[in-house]
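# A structural walkthrough
The residues making up each chain are set out below.
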Amino acid sequence: MDTENLSLSKKTIVGVQFLFVAFGATVLVPLLVGINPSTALFTAGLGTFIFHFVTKGRVPIFLGSSFAFIAPIIAATQQWGLPGALAGLVGVSLVYFVMSAIVKWQGRKFLDRVFPPVVIGPVIILIGLSLSGSAVNMAKTHWLLACVSLVTAILVLTFAKGLMKLVPVICGIVAGYIAAVILGLVDFSGVVAAPWFTNPVSLDTITHFQWAPFLYMIPVAIAPVIEHIGDVYVVSAVAGKDFVKDPGLHRTMLGDGLACLASAFLGGPPETTYSEVTGAMSITKVTSPAVIRISAVTAIVFSVIGKLSALLQSIPQAVLGGIMLLLFGTIASVGVQNLIHHKVDMNETRNVIIISVTLTMGIGGAVLSAGDFAMSGIGLSAIIGVVLNLLLPQPKRTS
C-alpha cells in the first residue's frame, strides 16, 4: 500500500487510531507512579516531534511512557520524593547520548558485531511476548468486552476494504466501548467532573534536582536503550527500509534521549519507542511518518482538553486488552521473520544457545540485582544475548 499517497483525512483517522493503540500504556505508567496522565500525553506528543526532527522525519516511531521506569520511579519517590525522582530522570537521557556517540563513532560494524540478527531476532520476539502478560491481564478484567474488541478488529482486518481496512483498531475499540456502555460498565463521573481545558505540564521539576536519584536512574536506562535498538530493527522490517543505516541509529538514540530530557524538564515519565504502534503499523501496512506525527498532534490536543482525555480514560481496560492480544503477537511474529530473513542457521549450536537462553531468561522473568540496582525483562535478556554472542566462538567455516 502506498501510504504516502493517502489523503489527509485517511492519514488523520489512522493517526488517531495509532494514538488509541498507545493510549492505554501511555497513561497507565503515570497513573501507577503518581504523575498526571495529561502530562504523559503532552510529553509523548512533544517527544515524538523532537524524535522526528532529529531523525529528519523519516522514521515512523511514536514515543510514549516507558514501562521500564515504573518500579524505579516508585522506589526513587520513596527516597527523594516524586519531584526529586522526576528530576533524576535527566540521567536517562545521558545514557542515550553516550550510546548515540558510540554508535556514531564506531558505525554499523559495531552494531553488526554486538547486535547481529541472532541477538536482535529473539529480542524482538521478547518485545512482543513480554507484553503479552499485560494484554491478558487487561483482557481478563472482562473477557466478553475483550472478545468483542478483538473479534471486531480481526473481522475488519480480514474482510474490510478501502478506508475501513486501515482502522481495525478503532473499530475494535468503538465496538468494545459500545458493548461496555450497554452493559453499564463505563463510569462517566470522571468525564462530568473534568474541566474542559487543563494545563498538562509542570515547569518546576528541575528545581528539585539531586545527584542521588540522577545516578540511580542511569543503570536503569540501559534496558530501554537496548530495547530501542530492537524496536528500530522492528520498524525497519515493518516499513521495508533500513533506518539503522539512514538516518542512522545514532540519530534515533539522540532523538529518544532528547525526548526523555524534555519530558524530565516538564514533569513527565521517560519516553521510549512504542512497540504497540509498530504492531498496528504491521497490521494496517501504514508506515508513513506523517501519520505518526498526526498521532503526536492528537496526543497534545488530548492533553489540554480535559473532557476528551477523561473520556478516553473511561475506556475499560478489557477493551484495550482485547486489541493488545492481536498487536503484541504481531510484534513477536516480526522477530521470527527477522531470523528467517537473515537466514540465521538454526543448525548451529551457537545460535541455538543464544536464542534459547535469551528467550528463556526474558519469558521466565529473570532478575539480576545488586543492592538498589536491579535489571530484568527485555533489557537483561538483551544483555545476556549480547554477551553470549561476544563470548561464544564462531563456527569454523569449511571452504
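Going by an unreviewed UniProt entry, the chain carries the name Putative permease and comes from Segatella buccae ATCC 33574. UniProt's Subcellular location (unreviewed entry) comment on the chain is quoted here verbatim: "Membrane". The UniProt entry for the chain carries this comment under Sequence similarities (unreviewed entry): "Belongs to the nucleobase:cation symporter-2 (NCS2) (TC 2.A.40) family."

The number of helices and strands found in the chain is 19 helices and four strands. Computed over its C-alpha atoms, the radius of gyration of the chain comes to 21 Å, within 12% of the 21 Å expected for a compact globule of 399 residues. By its C-alpha atoms, the chain is 70 × 55 × 40 Å across when sized along the principal axes. Looking at the 399 residues of the chain, the share that counts as buried comes to 55%. Taking all contacts inside the chain whose residues are at least 6 apart in sequence as the whole, residues at least 24 apart take part in 84%. Accessible surface computed for the chain: about 16,600 Å², of which carbon and sulfur atoms make up 68%. Distance from the positive charge centre (21 side chains) to the negative charge centre (15 side chains) of the chain: 10 Å.

Looking now at the nonpolar core. Nonpolar side chains in soluble globular proteins generally cluster together in the buried interior. In terms of nonpolar packing, the biggest core is built from 109 residues, with F18 and L327 touching the most fellow members. The residues contacting F18, other than those within four sequence positions of it, are V277, A280, M281, T284, V286, V291, I292 and S295.

Right, let's get into the side chain of N351. Structurally, N351 is set in helix α18 (residues 349-364). Taking relative accessible area as the criterion, N351 reaches 11% and is therefore assigned buried. Leave out the neighbours within four places in its chain, and N351 touches V118, V344 and D345.

A few words on helix α15 (residues 289-304). Two residues of an α-helix separated by three or four positions point the same way, owing to the 3.6 residues in each turn. An ideal rise of 1.5 Å per residue puts 22 Å on 16 residues; α15 measures up with 24 Å between its terminal C-alpha atoms. Within α15, the full set of buried residues consists of P289, V291, I292, I294, S295, A296, T298, A299, F302 and S303.

In contact at an axis separation of 8 Å, helix α14 (residues 275-284) and helix α17 (residues 317-341) are set at 85° when each is read in the N-to-C sense. With respect to α17, the axis of α14 lies roughly perpendicular. In this structure, α14 uses S275, E276, G279, A280, S282 and I283 to contact α17, whose residues at the interface are M324, L326, L327, F328, T330, I331 and V334. Class assignment of the residues belonging to the contact of α14 with α17 gives a composition of eight nonpolar, four polar and one charged.

Definitions and limits used
- Residues numbered from 1 in each chain as written.
- Predicted model: local features only at pLDDT ≥ 70, side-chain atom pairs only at ≥ 80, totals over all residues.
- Heavy atoms only, no water.
- UniProt positions renumbered as here; feature names shortened; annotations may be inferred.
- Helix = DSSP H or I, 4+ residues; strand = E, 2+ residues; numbered from the N terminus.
- Rg over C-alpha atoms; globule rule 2.2 N^0.38 Å.
- Buried < 20%, exposed > 50% of the residue type's maximum accessible area, 1.4 Å probe, protein only.
- Contact = heavy atoms within 4.5 Å.
- Areas by Shrake-Rupley, 256 points an atom, 1.4 Å probe, with all protein chains shown as cover.
- Lys, Arg positive; Asp, Glu negative; His and termini not counted.
- Charge placed at Lys NZ, Arg CZ, Asp CG, Glu CD.
- Core = buried A, V, L, I, M, F, W, Y, C linked by side-chain atoms within 4.5 Å.
- Expected span 1.5 Å × (residues − 1).
- Axes fitted to C-alpha atoms, helices over the stretch in contact; angles between N-to-C directions.
- Parallel < 35°, antiparallel > 145°, perpendicular 65-115°, else oblique.
- Nonpolar A, V, L, I, M, F, W, Y, C, P; charged D, E, K, R; others polar.

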